[in-house]
Amino acid sequence: MADTKREIERKFEFTPADAETAQLPDLTRVAGIDKVAGQGVAELDAVYYDTDDLLLDAASVTLRRRTGGSDSGWHLKFPVAAGVRDEIRAPLSDRLPRSLAALLRSRVRGAQLVPVVRLLSSRDVRHLLAEDGSLLAELSIDTVRAEGLRAGSSTAAWTEIEVELADGVHDQSILDRVETQLRKAGIRPAASPSKVARALQETAPPHSPKPAPHTVAPAEGTAGAHVLAFLRTQRDALVALDPAVRRELPDSVHQMRVATRRLRSAFKTYAAVVDRTVSDPLGDELKWLAAELGVDRDQEVLAQRLKARIDALPRTLLLGPVRGRLRIWTVSRRTGSRRTTIAVLDSKRYLRLLDALDALLAAPPLLPDADRPVRGVLVKAVLKDYDRLAGRVSTALDLAPGHDRDLALHEARKAAKRARYAAEAAAALGRPAEKFAKRMKAVQNVLGDHQDSVVARDCLRTLAAQAHAAGESAFTWGLLYGQEEAAAAEDERELPVVWARAAKPKLRRRLGA
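About the cut-offs
- Residues numbered from 1 in each chain as written.
- Predicted model: local features only at pLDDT ≥ 70, side-chain atom pairs only at ≥ 80, totals over all residues.
- Heavy atoms only, no water.
- Helix = DSSP H or I, 4+ residues; strand = E, 2+ residues; numbered from the N terminus.
- Buried < 20%, exposed > 50% of the residue type's maximum accessible area, 1.4 Å probe, protein only.
- Areas by Shrake-Rupley, 256 points an atom, 1.4 Å probe, with all protein chains shown as cover.
- pLDDT = per-residue confidence, 0-100.
- Expected span 1.5 Å × (residues − 1).
- Pairing = 2+ DSSP bridges.
- Axes fitted to C-alpha atoms, helices over the stretch in contact; angles between N-to-C directions.
- Parallel < 35°, antiparallel > 145°, perpendicular 65-115°, else oblique.
- Left-handed = near helix turned anticlockwise from the far one by under 90°.
- Contact = heavy atoms within 4.5 Å.
- Nonpolar A, V, L, I, M, F, W, Y, C, P; charged D, E, K, R; others polar.
- Phe/Tyr/Trp six-rings, centres within 6.5 Å; stacked < 30°, edge-to-face > 60°.

**Side note on the overall build of the protein**
Along the protein, the regular secondary structure elements total 15 helices and 9 strands. Taken over the C-alpha atoms alone, the protein extends approximately 85 × 65 × 45 Å along its principal axes. Burial statistics for the protein: of 513 residues in total, 46% are counted as buried. Total accessible area on the protein stands at roughly 25100 Å², and carbon and sulfur atoms take up 53% of it.

**Description of the confidence of the model for the protein**
On average, residues of the protein carry a pLDDT of 90, and 93% of them reach 70 or more. Mean pLDDT across the secondary structure elements of the protein bottoms out at helix α15 (residues 504–511), with 60, and peaks at strand β3 (residues 62–67), with 97.

**Topic: helix α10 (residues 348–362)**
The end-to-end C-alpha distance of α10 is 21 Å, a good match for the 21 Å that 15 residues give at a rise of 1.5 Å each. Taken as a whole, α10 has its buried residues at Tyr 350, Leu 351, Leu 353, Leu 354, Leu 357, Leu 360 and Leu 361.

**A closer look at the pairing of strand β6 (residues 114–129)**
Taken together, the 14 bridges between strand β2 (residues 35–50) and β6 define a ladder with antiparallel strand orientation. Within β6, the position partnered with Ala 42 by the bridge is Arg 123. Here β6 pairs with strand β7 (residues 135–148) via 13 bridges, running antiparallel. Looking at the pairing, Arg 126 lines up with Leu 139 of β7. The hairpin formed by β6 and β7 contains 5 residues between the paired strands, and Gly 133 there has a positive phi angle of roughly 90°.

**Here's the deal with unusual backbone geometry**
Phi is mostly negative for residues that are not glycine, and the peptide bonds are mostly trans. Phi is positive for Leu 54, close to 55°, though the residue is something other than glycine. If you trace the backbone, Leu 54 turns up in the loop between β2 and α1 (55–58). Non-glycine residue Glu 248 carries a positive phi angle of around 60°. On the secondary structure map, Glu 248 appears in the loop between α6 (223–246) and α7 (252–269).

**A look at the packing of α6 against α10**
Running from N to C, α6 and α10 point in directions that differ by 155°, and their axes come no closer than 11 Å. Relative to α10, α6 is oriented roughly antiparallel. Pair α6 / α10 crosses with left-handed handedness. Residues Leu 228, Leu 231, Arg 232, Arg 235, Leu 238, Val 239 and Asp 242 of α6 pack against Tyr 350, Leu 354, Leu 357, Asp 358 and Leu 361 of α10. Its residues assigned to classes, the contact of α6 with α10 comprises 8 nonpolar, no polar and 4 charged.

**A few points about the packing of aromatic side chains**
A ring pair, where both rings are aromatic, is described by two values, the distance of the centres and the angle of the planes. Summed over the entire model, instances satisfying the criterion amount to 3 aromatic pairs. Considering the side-chain rings of Tyr 386 and Phe 436, the 6.1 Å spacing of their centres and the 50° angle between planes classify their relative orientation as tilted. You can see Tyr 386 sitting in helix α11 (residues 374–398) and its partner Phe 436 sitting in helix α13 (residues 431–469), a full 50 residues away along the chain. With a relative accessible area of 4%, Tyr 386 lands in the buried category. Geometrically, the ring pair formed by Tyr 386 and Trp 499 is stacked, given 5.4 Å between the ring centres and 15° between the ring planes. In this pair, Tyr 386 is assigned in helix α11 and Trp 499 in helix α14 (residues 475–500), connecting sequence segments 113 residues apart. Side by side, Tyr 386 and Trp 499 carry an identical accessibility label, which is buried. An aromatic cluster is present here, built from Tyr 386, Phe 436 and Trp 499 joined pairwise through their rings.

Here is the structure:
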C-alpha cells in the first residue's frame, strides 16, 4: 500500500569559499521560530533507479529505495512546482512495488529501470519550533557521499542543507525568512534541484557524445517550428498527466483528455504543415483515447450536474428516495468507468500511441508550408476553422428544435473546440488570437451546456423508469427533466447572441488578415 506526502522544501549549500568556515546561523532570530531542537543523526542509504538514458532525471522524477531513518522504503517523487514535490511511498521490499511501477509507465514504457547512483548520507536533523511548541519545519544537514553505479562512474561528496515545512504547514514565508538568515551566513540555494540530479552530474562516466540523429529541424520563426513546439507541449502534458490520472488527482482526467484533443485538433488544423497521411492514424488513436477517458469524466460531470439540480429543489418537491437512487446509480457507473480508465492506461495500444507520437516528433513529416513565416500560416489555419464552425452553427440554427437540431448543435460544439484550440496553438499571433480563443470558448460553453442537457435528459428518463418500476414516485425525475429541457431552450436562444460577437469581419481585422 502506497501513501502520498506533499513536500515543500528548499535546499542550500555552502559557497566554495566559505565551505570550511561557514556555520549554521542562530535560527531563533527568524521571526516565528522560538526554538531549534536537535533530533540526532540518522544514517541513510539510498539507491536511485532510472533508465539507461535517464528518462526520469530528464523529467525531474526520482525513484529510490532507501534504508535508515524513520521512512525506510520505496519513494517516488513527482515535481509539482518550484520547491514542491509529491512523494509517494511504499513499504521496503526487494522489488519495485507494482503501485509505483504503474505511475512510471508512461515515461519508462518498455525500458528497464536500473540502479544508477547510490547516496550514503549522514543526516543531522533539527526541528524548528514555534512558541507554542508546534513544529514549523525540519532542517537537516546532510553530509553526502555519492557512488555512481553506471559503468565508468566516479564518486562525489558534498554537504547540503534541507529545510522542509512540517506536515500541515503551508506558509512558505517561513522558508523565505529562514533563507534570508542562511544567506547572511554565506549559505546559498543549491544549484541542483535534488541530490540525485547533482550525483548523476558529478559522477557521470566519461563518454564521447552520441551523434545527433539526421533530422532537419525547421528554422526558428517558421510555421513548422511553432507547430512542432505546440505538439511537443501537448505530448509532454499527456505523459505527465498519466500518473495523475492513476492517482485520481482532481481534474486530471479532464486535463489529459484536453491534451489528446489539442493534439488531434492541431494535426487537422495545421494539415498544411504536418502531413496528414502520417498524422491521421495518430489522430484516430487520440480519438480512441479521449473517448475512453471520457467514460470516467463524463460520468463525473453528469453526476455533479444532477446532484446540483436536486440540491436546488425545495424538500417538498423531493418525492421518494431521490438522492439515494442517484447515489447508487453514480457509484455503480463510477466503479466500472474507473476500471475502464486504468485498463486503457495499462494497454499496449496506449503505449504504442505514445511511442508513435515520439516518433512523429523525432522525425516530423513536414510539408512545404512548414518553411513559411509563422504568421501567415497560422492566420489562414485559424480562419479556416472559423469558417467550418460558422457553417455548422448556421446549419443547426436553421433546423427546428428537436433531435436533429440537438445533433447539429453537438457537431457545432466539436467545431467550436477545434477553432478554440487552433487559436490557442496560434500564440505567436499575440493578443488577437487570445481574444479570439476567448470568444470561441464562450461559444463552446453555450453549446457544451446544451449537450450536457441532452445527455442529462436521457439519464433522467432512465432514472424515472427505474423509480417507476420500483414502485417509487417519478415526479421529481420528471420535474428535473423539465428543468433540463428549459435550460436547453435557453442555450438555443443565447447561441445567436454569443455567435454574433465573433463576426468574421472583426475576426479578420483582429488577426491582421
